[in-house]
Amino acid sequence: MNQVRVRFAPSPTGFLHVGGARTALFNWLFARHSKGKFFLRIEDTDLSRSTDEAIEAIFDGMRWLGLDWDEWEASETNPVRQTARFEIYREKVETLLAEGKAYRCYCSPDELAARRKEALEARKVPRYDGRCRLLTAPDPERPAAVRFKASSEGEIVVDDMVKGEVVFDSRTVDDLIIMRSDGSPTYNFCVVVDDVDMQISHVIRGDDHLNNTPRQIQLYEALGYTQPRFGHLSMILGADKSRLSKRHGATAVQQYRDEGYLPEAMVNYLVRLGWSHKDQELFTLPEMIEKFSMAHVGSSAAIFNPDKLLWMNANYIKTGDAKRIAQLLRPHLEGLGVDAGQCDPDHLLRVVKALRERSRTLKEMAESAFYFFSDKISFDDKAKKFLTVENLPILGAVRQKLEGVPFEHDPLQEAFRSISESMDKKLAKIAQPVRAAVTGKTVSPGIFDVLEILGKEKALERLDDQIDALS
RNA sequence: GGUCCCAUCGUCUAGUGGCCUAGGACGUUGGCCUCUCACGCCGAAAACACGGGUUCGAACCCCGUUGGGACCA
């Protein structure tokens, strides 16, 4: 039985796109499920766009999501980089040329463009007419591109793992340029050479490549290799059903990290975009690996739904390990100017526990947590409405009562109950002004929790401030 | 324009010829809980694109139409 070997082959664009992330995830799950190998290959032949930073951004995104990759045995670089393999592509081109499976084409890009335009105007299919195929005496001095001699015999059948049998008429496949006149190899060619070299068993990629598949299959044949199995994943679309892009909002996974999303939420959201296991929505990583199967990958495109991702994130914030959430919260607190390095881990943990059910992102949590870490609290308009002379007696009574109360949930609750009774006011009438005074807001965790976490000293100080201001 | 892919609630999906009066989840919405906001719990509205076949029976199989998407660019 042959080992499963798959790869994720992004081109470095400066970030990891959510669509790419899902492709990577499905490849990764497929490999880990079947105890195979998962490789990362950087398609950086387009040198103008491929900077080291852009490549680093992909690693960064992959690591954040927890998608680790294996080292390809035969490579000096890990992950594999196409720019390190230019010589190999050139050799293969030479081989095809020598075997008569490819030929030099002297048509300039301008000529080709002109002919394409003509064909289009004449309402004909714009495809290369193969005129340079017939040249008998190639001139090695003249700059030339190299074209692959496509066969136009019969049909090419792709037995796709997600789309089923897809049949192409060979006559629709024209002679593909495999090396440009400047000596640079082209995308479709490099992909095949790499996948052959890396002994990739299953090519799982976006279905925007489905139409490239027949010509790639012909290349496999010409190169004398058996083809891998293909699986073409549907696209991720924006709300308007067009391909997901920046105008639909955040498309880079790093952006979600910066917005306070948890990687497990992102992964869980992404895995449910196109894959399902009965009615189940929530999966841990080991569960995904165990249950993942290409058989349950859907074939229709999916719209990226930020609301569901948000819900997913809220869920993981609510149920995740509180200590870890606390660690992840730190940078977001720093972002608000809180010196999170100085704060007590226990204190931070209590804050997280108080806020986790009311925060959908870490960023939201940090914002809600601000008054626990800084005395520079601001009072919003709704809160100010509770800080009135009419409520002064309430604040006063609370202030006095709390002096002698231990700052723990139950005693605080008891204290508030007794004030509530003696003043004959509902608890809400008492809690809201106090909440406004100590947090500056009308929304917070339960008031007893807030006071406990804040501690006696700070709480009384804030109450005093308000009492003074109103007196 | 050609080629290819796709089509179940607004969205993600379950469904592989009888378990479907179409299930779950997000969102929306009514209520309960309640010191605020949330969480949680209970309930509601909401879909098989259309038209033909095949079959005793079709969301499911076949054909066509329409609509969307991708690639050629």
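On a predicted model such as this, the values are computed, not experimentally measured, just so you know.

1. Describing the packing of helix 17 (residues 427-439) against helix 18 (residues 447-454)
Inference 1: Where helix 17 meets helix 18, the closest approach of the two axes is 10 Å, and the angle between their N-to-C directions is 35 degrees. Crossing handedness for the pair helix 17 and helix 18: left-handed. In this structure, helix 17 contributes Leu 427, Ala 431, Val 434, Arg 435, Val 438 and Thr 439 to the contact, and helix 18 contributes Ile 447, Phe 448, Val 450, Leu 451 and Leu 454.
Inference 2: Of the residues belonging to the contact of helix 17 with helix 18, the class tally is nine nonpolar, one polar and one charged.

2. Remarks on a negative patch on the surface
Inference 1: Together, Glu 408, Asp 410, Glu 414 and Glu 421 give the surface a local cluster of negative charge.
Inference 2: Topologically, Glu 414 is positioned in helix 16 (residues 409-423).

3. Remarks on the side chain of Ser 201
Inference 1: Mapping Ser 201 onto the fold places it in the loop between helix 5 (187-197) and strand 9 (202-206).
Inference 2: From its side chain, Ser 201 meets the backbone nitrogen of Arg 5 in a polar contact 2.8 Å long.
Inference 3: Beyond its immediate sequence surroundings of up to four residues, Ser 201 is in contact with Gln 3, Val 4, Arg 5, Pro 228 and Arg 229.

4. Description of the pairing of strand 9
Inference 1: The buried count for strand 9 comes to five of five residues, which makes it a mostly enclosed element.
Inference 2: By the bridge criterion, five bridges tie strand 9 to strand 10 (residues 229-233) in an arrangement that is parallel. Each residue of the ladder has a partner; that of Val 203, found in strand 10, is Phe 230.
Inference 3: You can see the chain leave strand 9, run along helix 6 (residues 213-223) and come back into strand 10, and the turn it takes is right-handed.

5. Topic: the packing of aromatic side chains
Inference 1: Considering all chains together, one arrives at 10 aromatic pairs under this definition.
Inference 2: Look at Tyr 371 and Phe 372: their rings are 4.7 Å apart centre to centre, the planes differ by 50 degrees, and that puts the pair in the tilted class. Across the pair, Phe 372 and Tyr 371 agree in class, each one buried.
Inference 3: Members of the aromatic cluster, joined through ring pairs, are Phe 26, Trp 275, Phe 283 and Phe 292.
Inference 4: Directly above the ring of Phe 26 sits Arg 22, whose terminal nitrogen or CZ lies 5.5 Å from the centroid.

6. What about the protein's contact with RNA strand B?
Inference 1: Taken together, 42 residues surround RNA strand B, and among them Lys 163, Gly 274, Glu 357, Arg 358 and Ser 444 come closest.
Inference 2: Among atoms of RNA strand B positioned within 4 Å of the protein, sugar and phosphate together represent 72%.
Inference 3: Separating a base nitrogen of RNA strand B from a side-chain N or O atom of Asn 211 is a distance of 3.4 Å.
Inference 4: Between RNA strand B and the protein, one listed contact pairs a sugar or linking oxygen with a backbone N or O atom of Glu 357 at 2.5 Å.
Inference 5: If you list the elements that add at least two residues to the surface near RNA strand B, you get strand 7 (164-169), strand 12 (302-303), helix 10 (306-319), helix 17 and helix 18.
Inference 6: A total of five residues in the surface near RNA strand B trace back to one element, the largest contributor, which is helix 17.

7. Observations regarding the pattern of salt bridges
Inference 1: Summed over the entire model, instances satisfying the criterion amount to 33 salt bridges.
Inference 2: Where Arg 229 meets Asp 159, a salt bridge forms, and the shortest distance between an N and an O atom there is 3.4 Å. A residue pair is termed long-range when its members are at least 10 positions apart, and Arg 229 in strand 10 and Asp 159 in strand 6 (residues 155-160) qualify at 70 residues.
Inference 3: For Arg 229, a relative accessible area of 36% gives the class partly exposed.
Inference 4: Overall, Asp 159 belongs to the partly exposed group, its relative accessible area being 44%.
Inference 5: Close ionic contact of Glu 259 with Lys 363 constitutes a salt bridge, the shortest N to O distance being 3.8 Å. Here Glu 259, found in the loop between helix 7 (253-258) and helix 8 (263-271), pairs with Lys 363, found in helix 13 (residues 362-373); they are 104 residues apart in sequence, far enough to count as distant.
Inference 6: Taking relative accessible area as the criterion, Lys 363 reaches 33% and is therefore assigned partly exposed.

8. What about unusual backbone geometry?
A negative phi angle is the norm for most residues apart from glycine, just as the trans form is the norm for most peptide bonds.
Inference 1: Residue Gln 199 is not a glycine yet carries a positive backbone phi of 55 degrees.
Inference 2: Secondary-structure assignment places Gln 199 in the loop between helix 5 and strand 9.
Inference 3: Given a relative accessible area of 54%, Gln 199 falls into the exposed group.
Inference 4: Residue Lys 278 is not a glycine yet carries a positive backbone phi of 55 degrees.
Inference 5: Tracing the backbone through its elements, the reader meets Lys 278 in the loop between helix 8 and helix 9 (285-291).

9. Quick look at the confidence of the model for chain A
Low-pLDDT portions of the prediction should not be read for the details of their coordinates.
Inference 1: With 97% of its residues at a pLDDT of 70 or more, chain A shows a mean pLDDT of 93.
Inference 2: Interface confidence in the predicted complex, given as ipTM, is 0.96; pTM for the same model is 0.95.

10. What about the layout of surface pockets?
Inference 1: Size it by volume and the largest pocket reaches roughly 920 Å³.
Inference 2: Contributing to the lining of the largest pocket are 35 residues, with Ala 9, Pro 10, Ser 11, Asp 208 and His 209 lying nearest its centre.
Inference 3: Listing elements by their share of the lining of the largest pocket, those giving two or more residues are strand 1 (5-8), helix 1 (18-33), helix 5 and strand 9.
Inference 4: Of the residues forming the lining of the largest pocket, the biggest block, four residues, is contributed by helix 1.
Inference 5: In the lining of the largest pocket, the residues fall into 14 nonpolar, 12 polar and nine charged.
Inference 6: A domain-level breakdown of the lining of the largest pocket finds at least three residues from each of domain 1 (1-70 + 234-319) and domain 2 (71-233).

The rules behind these values
Residues numbered from 1 in each chain as written. Chains lettered and ligands numbered in written order. Predicted model: local features only at pLDDT ≥ 70, side-chain atom pairs only at ≥ 80, totals over all residues. Heavy atoms only, no water. Axes fitted to C-alpha atoms, helices over the stretch in contact; angles between N-to-C directions. Helix = DSSP H or I, 4+ residues; strand = E, 2+ residues; numbered from the N terminus. Left-handed = near helix turned anticlockwise from the far one by under 90°. Contact = heavy atoms within 4.5 Å. Nonpolar A, V, L, I, M, F, W, Y, C, P; charged D, E, K, R; others polar. Patch = residues over 30% accessible without salt bridge, like charges linked within 9 Å, V, L, I, M, F, W, Y side chains within 5 Å. Areas by Shrake-Rupley, 256 points an atom, 1.4 Å probe, with all protein chains shown as cover. Salt bridge = Lys/Arg side-chain N within 4 Å of Asp/Glu carboxyl O. Lys, Arg positive; Asp, Glu negative; His and termini not counted. Charge placed at Lys NZ, Arg CZ, Asp CG, Glu CD. Polar contact = N/O pair within 3.5 Å; in protein donor to acceptor, adjacent residues only side chain to side chain. Buried < 20%, exposed > 50% of the residue type's maximum accessible area, 1.4 Å probe, protein only. Pairing = 2+ DSSP bridges. Right-handed = clockwise from strand over helix to strand, strands pointing away. Phe/Tyr/Trp six-rings, centres within 6.5 Å; stacked < 30°, edge-to-face > 60°. Lys NZ or Arg CZ within 6 Å of the ring centre and 35° of its normal. Near = heavy atom within 4 Å. pLDDT = per-residue confidence, 0-100. 1 Å grid on protein atoms, 1.4 Å probe; cavity = no way out; pocket = protein on both sides within 12 Å on 5 of 7 lines; lining within 4 Å. Points joined across faces, edges and corners; volume = space filled by probe spheres on them. Domains from an automatic or database assignment.

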